[in-house]
Amino acid sequence: MFLFILALCILVAAAALCALLAVCRPSRAVGRAANLVGPYGAVAACLTGLYAVAVGPWSSVLAVRLPMGLPVGACDLGLDALSRLFLLPVFGLGMVCAVAGGLALRHENPRRHNLGAHWFFFLLLLLGLALVMTARDAVLFLPSWEIMSLAPFFLIDFNDGDSRVRDASWIYLVAAHLGAVALLAFFVLLWQTTGATTLLPGGALPLTLGTTGTGTLTALFILAVLGFGAKAGLAPLHVWLPEAHPAAPSHVSALLSGAMINAGLYGLTRTLGLLAPAGAAPEWWGWALLLLGLSTGLMGILKAAAQSNLKRLLAYSSVENIGLMVLGLGAGLVGQANGNAWIAVLGFGGALLHMCNHAAFKGLLFLCAGEVLHATGTVRMPLLGGLQRRLPLLGAFFAVGAAAIACLPPLNGFTGELALALALLDAPTLSGVERQMGLLLALAGLAAISGLAAALYAKAYGITFLGEPRSPFAATAHPCSWRTLWPLALPAALCLGGGLAGPWLFDLAAAAAQSALPLPASLADAGRAGLTQARLSMTAVAQVGGAGLALTLLLLLARRLLLKKRPVQAVPTWGCGFQGASPRIQYTDAGFSEPTAKIFAPVMGLKTRLEMDSGLFPQTGELYVSAPDRLRSGLFTPLFTAVESLCNACKVIQHGKIHLYILYILATLVALLVWGLRS
């Protein structure tokens, strides 16, 4: 635990230095200093934190109590298997993003961007995430959550000269505080119910249906889903995510998508263990989470398929993947409630394993998108194409991430979804046709999401990197050297090696799930048997996948050796009078998605507009395709506008007259006294 505290101290010290540099007069020397202190401080803290998390047995529980100074609550920090698992993406991806961000910002004009302030909030985000994952008391958890929630507002607003960036940062801030309101209500109700502020099971008054009541537990569950779901990006609370990720710098987007949204999943997992220890959760909680996760996953992947902006596509893909994780939690609760250890163990373990895998491939893809933006000046796919020839190493990294997130074996994305599929496949063993049909329909939904994801990333990679350049942006792309791209090698290696190490990673994820959501004693033996069987299945997949990778590498090496002394020339396609396709007749992103759009157009929210010359033989014609978020435009925008109007109307009471403010206070006190006497 000492090493973890040391990592927190390094983050605080580096953030303090960056804050001092932020208030200095802008100059190139100050900018270079900030761009050294921030990334190097983050790397030192993350390496220390990774060692602290990995040292000792995975199931060991470490705790420390620091001086608090408040009359309520305690400054309790703890490391258990669940905290360790969620800290791996925080420190691992945080280190990669810090290095990639330092390389990307090394030429920034210090008069245009305050790099000291940027790295201060980046370090503050890492500090908030680390505290959230280890806080064991609500009074410490809420300030840590607020630090984690406020820092991204300033990181997203990096390019604040763009009005769209400012709008995206404000949307994020509003969504973060709406979630925080629900969490504050949750912890207040929890404190009122149990008489304690601890976040570990076994507080002053245990939470059970017999002692607490169905209504209170239901209210706590709903508040937890709203509060943590807003941070995770569950539909319909996801509206901030596709706005914030494209607006933020790519190293920030990677950390938000690969680590910060996991805080919502962590909070929900920890809360379920607190509200329903030893598998006592009502069955309908599981079905509610399963349905919420499935609908979020389907909505996210369909909205992603309609996007032409690469970073916006990746943002909606994050919504889809968080939906799969919540689906796994729901399936695990259903298995627990029905005494099925196989479904419970694989559902919980598969959800947390997919969380780790998602951090690796989504971090890689966002960093690749940032390099595409740096090389071409745009991430609009209709203006790209042919980048594989000019940027071969970047294209290879993106292809690895795309194959992993498309759930192709033997990469890491396959193992998490395999665990979820194996959990849902055991549906026929449940009692009741409705339960069996429910899980089998969820399995069909999981298969549909996986298939659509494969098509989506074939589109993303093909339209961006293959074919011919569609615009001067792509034709004149700046080459990327290994000195710039080397940080991407770590998440790419995790995507490749994560699938081969799938059985070992699943053991870690299952142990973390069992530490927070333990099975009842009657299911313990069946749970161990299920873990053994699942490990054998994943081992077989890893062995076949490893052999396939080795064979592929041998064939590529043999081809290279055979062609080494032979002349290789490029010739036109087919070579029989057929000329290569011009950029004008290549597939666009909209054309690639057209078959999907014919079926799911209402869900995708596609809008088309055709502009053609009048007359029988038009000379030109242009088709415009867009996919605005209807939840934002139809629900949240009118709601926020109404709240803003109400707040503006209330400004009449803000007139600056002190004696009237005192009168307001006295009137409020009298009203509270009357209410208290009547009750």
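A tally of helices and strands in the chain yields 26 helices and four strands. Buried positions account for 51% of the 679 residues belonging to the chain. Averaging the locations of the 40 positively and 26 negatively charged side chains of the chain gives two centres separated by 9 Å.

Time to look at the packing of aromatic side chains. Summed over the entire model, instances satisfying the criterion amount to 19 aromatic pairs. Ring centres of Phe 120 and Phe 121 lie 5.0 Å apart, and the angle between their planes is 70 degrees; on these two criteria the pair is classed as edge-to-face. Taking relative accessible area as the criterion, Phe 121 reaches 17% and is therefore assigned buried. Ring geometry for Phe 141 and Phe 187: centres 5.5 Å apart, planes at 55 degrees, overall tilted.

The subject of this paragraph is the domain arrangement of the chain. For the chain, the domain assignment lists domain 1 (1-187), domain 2 (229-556 + 589-603) and domain 3 (630-677). For domain 1 versus domain 2, the separation of C-alpha centres amounts to 24 Å. In this assembly, 46 residues from domain 1 lie in contact with 44 residues from domain 2. Overall, the association of domain 1 and domain 2 removes approximately 3,600 Å² of surface from exposure, summing both partners, and the carbon and sulfur fraction of that is 83%. Taken together, the connections running from domain 1 to domain 2 amount to one salt bridge. Between Arg 270 and Asp 80 there is a salt bridge; the shortest N-O distance is 3.0 Å. For the interface between domain 1 and domain 2, the tally reads seven residue pairs in polar contact (both at pLDDT 80 or more).

What follows deals with unusual backbone geometry. At the junction of Ala 235 and Pro 236, the peptide bond is cis and its omega measures out at 5 degrees in the coordinates. The topology assignment puts Pro 236 in the loop between α8 (214-232) and α9 (241-247). For the bond running from Pro 409 to Pro 410, omega is 5 degrees, close enough to zero to count as cis. Summarising the element assignment, Pro 410 is placed in the loop between α16 (392-405) and α17 (412-425). For Cys 407, which is not glycine, the phi torsion reads 65 degrees and is therefore positive. With respect to the helices and strands, Cys 407 occurs in the loop between α16 and α17.

Turning our eyes to something else, we now look at the environment of Ala 247. Inspection of the secondary structure assignment puts Ala 247 in helix α9. As a C-alpha pair, Ala 247 and Ala 54 span 193 residues in sequence and 34 Å in three-dimensional space. What Ala 247 contacts, discounting residues up to four positions off in sequence, is Ile 156, Asn 159, Val 165 and Ala 168.

To continue, consider the side chain of Asp 137. Mapped onto the secondary structure, Asp 137 falls in the loop between α4 (115-134) and α5 (138-156). Despite being buried, Asp 137 has no salt bridge partner; Arg 65 is the closest side chain of opposite charge, sitting 6.2 Å away. In this structure Asp 137 touches Gly 73, Ala 74, Asp 76, Thr 197, Thr 198 and Leu 199, once residues within four positions along its chain are discounted.

Under the defined criterion, the tally for this structure stands at zero disulfides. Of all cysteine sulfurs, the one in Cys 46 lies closest to Cys 97, which takes part in no disulfide; the gap is 9.3 Å. Judged by its relative accessible area of 0%, Cys 97 falls in the buried class.

Given a rise of 1.5 Å per residue, 20 residues ought to cover 28 Å, and the 28 Å separating the end C-alpha atoms of helix α25 (residues 630-649) matches this to within 8%. Approximately 35 degrees is the largest bend angle found in α25, and it occurs at Phe 636, with the proline Pro 638 only one to four residues beyond.

Cut-offs and rules
- Residues numbered from 1 in each chain as written.
- Predicted model: local features only at pLDDT ≥ 70, side-chain atom pairs only at ≥ 80, totals over all residues.
- Heavy atoms only, no water.
- Helix = DSSP H or I, 4+ residues; strand = E, 2+ residues; numbered from the N terminus.
- Buried < 20%, exposed > 50% of the residue type's maximum accessible area, 1.4 Å probe, protein only.
- Lys, Arg positive; Asp, Glu negative; His and termini not counted.
- Charge placed at Lys NZ, Arg CZ, Asp CG, Glu CD.
- Phe/Tyr/Trp six-rings, centres within 6.5 Å; stacked < 30°, edge-to-face > 60°.
- Domains from an automatic or database assignment.
- Contact = heavy atoms within 4.5 Å.
- Buried area = accessible area lost by both parts, 1.4 Å probe.
- Salt bridge = Lys/Arg side-chain N within 4 Å of Asp/Glu carboxyl O.
- Polar contact = N/O pair within 3.5 Å; in protein donor to acceptor, adjacent residues only side chain to side chain.
- Disulfide = S-S within 2.5 Å.
- Expected span 1.5 Å × (residues − 1).
- Bend = angle between axes of the 7 residues up to and from the residue.

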